[in-house]
Structures are given as C-alpha cells and as structure tokens.
Amino acid sequence: MHTTRKVSVERNRLRFAAAHMATFGGACEPLHGHNYDVIVEIEGPLTEDGWVWDFGAVKRAARELAELLDHKFLLQRKSAHLDIREEPDAWEVSFQGKTYRFPASDVLPLPIPNSTAECIAEWFTGQLLEALQRQGATHLRRISVGIEEMPGQVGWYTLEL
Ligand SMILES: Nc1nc2c(c(=O)[nH]1)N=C([C@H](O)[C@H](O)COP(=O)(O)OP(=O)(O)OP(=O)(O)O)CN2
C-alpha cells in the first residue's frame, strides 16, 4: 500500500504585488500588475516529529521569496520575443517599436522565458526547494507551487523528487 503525506501553506501573508507584461502569440500585453497569491504543497514521509515539514518553516522560506518579488517589475530575462538591454542602472525592454525603460532597482530579472504564472511558479519552486533543503528537508518527494494571478486563476509547477 502506498500512502502520501502532504502539507500546504497558502495565501494570507504569502503574497506579492508585482508588474509584468507577458508575450502571447506574437503580441505583448501592456504593462500591468497583479496581487499574486502563493500556494505551496509539499509531500514526503513524516519525520520523527510527525510532520512532513514545519508549516512555519515553509511559510518563512516562501515569504522570503515573495518579498524578493514584491513591488518589482518581473522581467522574463530569457524571452525570445522581447528585446532586452541591460544597462548599468536600468533595463530597456522593447517590443515591436514600443520601448520601456525601468530603473534597475525596480526590476527583478528572472531566468524564465515568459512572465506567466506557470513560469513564475517554476522559478519559485526551484528556489523554495533549495531553501527547504538548506533547512534539512531532504526527504521530500514532491513539491508544487501555485501562483495565483487573481482569485481562481492559478499557474502551477510541480517537481517530483
Ligand atoms: N495560462 C496562463 N494564461 C494567462 C496568463 C498566465 O500567466 N497563464 N496570464 C495572462 C495575463 O497576464 C493577464 O494579466 C490575465 O489575463 P486575463 O485573465 O485574460 O485578464 P482579464 O483581466 O482580461 O480577465 P477577465 O476575467 O476576462 O476580465 C493571460 N492568460
């Protein structure tokens, strides 16, 4: 018989407000923002303490990541569609003749191809897993992160470990 143990933490203070413009089907959205909520699920066997991992520890790690994203323009650094120029104190982002110039301090460049909820979730999952493993949670079997752009609209990423 196979059993699964899972804990999840979500929303409440696991949120961030950020701006982005995703590209879809040869077009680029206008610059806009969301109040994103974060949902984390982790699975694995119970530790000697009888938990998959401490809710508080998971929340702290996720909150630290959310704070990195908070009040930033999320730039899809690996975009195949945006023309992105990094300058010493600014990022210049162009798409079909329209150019935005952002102060570097307002930008979080992410190594993702598009700033969709799914791609942000993938980046978040990798960072969160590293943080949990640094805490000693090396027994996890599965980690999923959902990035909710607006209520009921979530992009997920899952890593089977
Ligand atoms: N699978 C995904 N689809 C879409 C994403 C995404 O990240 N993953 N993102 C967007 C846009 O960024 C957008 O901001 C949200 O789009 P949408 O829901 O279409 O926004 P509206 O305000 O127009 O929604 P209404 O409910 O129709 O008012 C798009 N898709």
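Calculation rules
- Residue positions are given per chain, counting from 1 as you read along its sequence in written order.
- It should be noted that, the model being predicted, local features are given only for residues of pLDDT at least 70 and side-chain atom pairs only at 80 or more, the latter also being counted only at that level, while totals for whole chains, interfaces and linings use all residues.
- The side-chain figures draw on all heavy atoms in the structure; neither hydrogens nor water molecules are used.
- Strand pairing follows a simple DSSP-based rule, namely that at least 2 bridges must link the two strands.
- In DSSP terms, a helix is any run of H or I states spanning at least four residues, a strand is any run of E spanning at least two, and both are numbered starting from the N terminus.
- Consider each residue's heavy atoms; a residue with any of them within 4 Å of a molecule or strand counts as near.
- Under the rule applied, a polar contact is a pair of N or O atoms within 3.5 Å (in protein, one hydrogen donor and one hydrogen acceptor; residues adjacent in sequence only if both atoms are side-chain atoms).
- To be clear on the numbers: accessible area is Shrake-Rupley with a 1.4 Å probe, and residue cover counts the displayed protein chains and nothing else.
- Gly counts as polar in this scheme, as do all residues outside two lists: the nonpolar Ala, Val, Leu, Ile, Met, Phe, Trp, Tyr, Cys and Pro, and the charged Asp, Glu, Lys and Arg.
- One side-chain nitrogen of Lys or Arg within 4 Å of one carboxyl oxygen of Asp or Glu is enough to make a salt bridge.
- For the exposure calls, accessible area comes from a 1.4 Å probe over protein chains only, and a residue counts as buried if that area is under 20% of its type's maximum, exposed if over 50%, partly exposed in between.

Right, let's talk about the pairing of strand E1 (residues 6–20) for a bit. Where E1 meets strand E4 (residues 32–43), eleven bridges bridge the pair, whose relative direction is antiparallel. From the neighbouring strand, glutamate 10 faces E4, where its bridge partner is isoleucine 39. In the sheet, E1 pairs with strand E5 (residues 72–76) via two bridges, with the strands oriented parallel. Along E5, the bridge assignment pairs alanine 18 with lysine 72.

Here we take up the site of the ligand. Inspection of the region around the ligand gives His20, Phe24, Glu29, His32, His34, Thr116, Ala117, Glu118, Glu149, Met150 and Gln153 as its neighbouring residues. At a separation of 2.6 Å, a nitrogen atom of the ligand approaches a polar side-chain atom of glutamate 118. Side-chain polar atom of glutamine 153 to an oxygen atom of the ligand: 2.7 Å apart, as the coordinates give it. Protein coverage of the free-state accessible area of the ligand, which is 620 Å², stands at 46%. Sorting the residues of the shell around the ligand by element identifies E4, helix H2 (117–135) and strand E10 (142–150) as the ones contributing at least two each. Taken together, the residues of the shell around the ligand sort by class into three nonpolar, five polar and three charged.

A separate point is the pattern of salt bridges. This model, assessed by the stated rule, comprises ten salt bridges. With a closest N to O distance of 1.9 Å, glutamate 10 and arginine 11 form a salt bridge. Residue glutamate 10 is classed as partly exposed on the basis of its relative accessible area of 33%. The residue arginine 142 makes a salt bridge to glutamate 160 at a minimum N-O spacing of 3.0 Å. Of this pair, arginine 142 sits in strand E10 while glutamate 160 is found in strand E11 (residues 153–160), placing the two residues 18 residues apart along the sequence. For glutamate 160, a relative accessible area of 56% corresponds to the exposed category. Each of Arg85, Glu87, Glu92 and Arg101 takes part in one network of salt bridges that share partners.

Read these as spatial facts, not as claims about activity.
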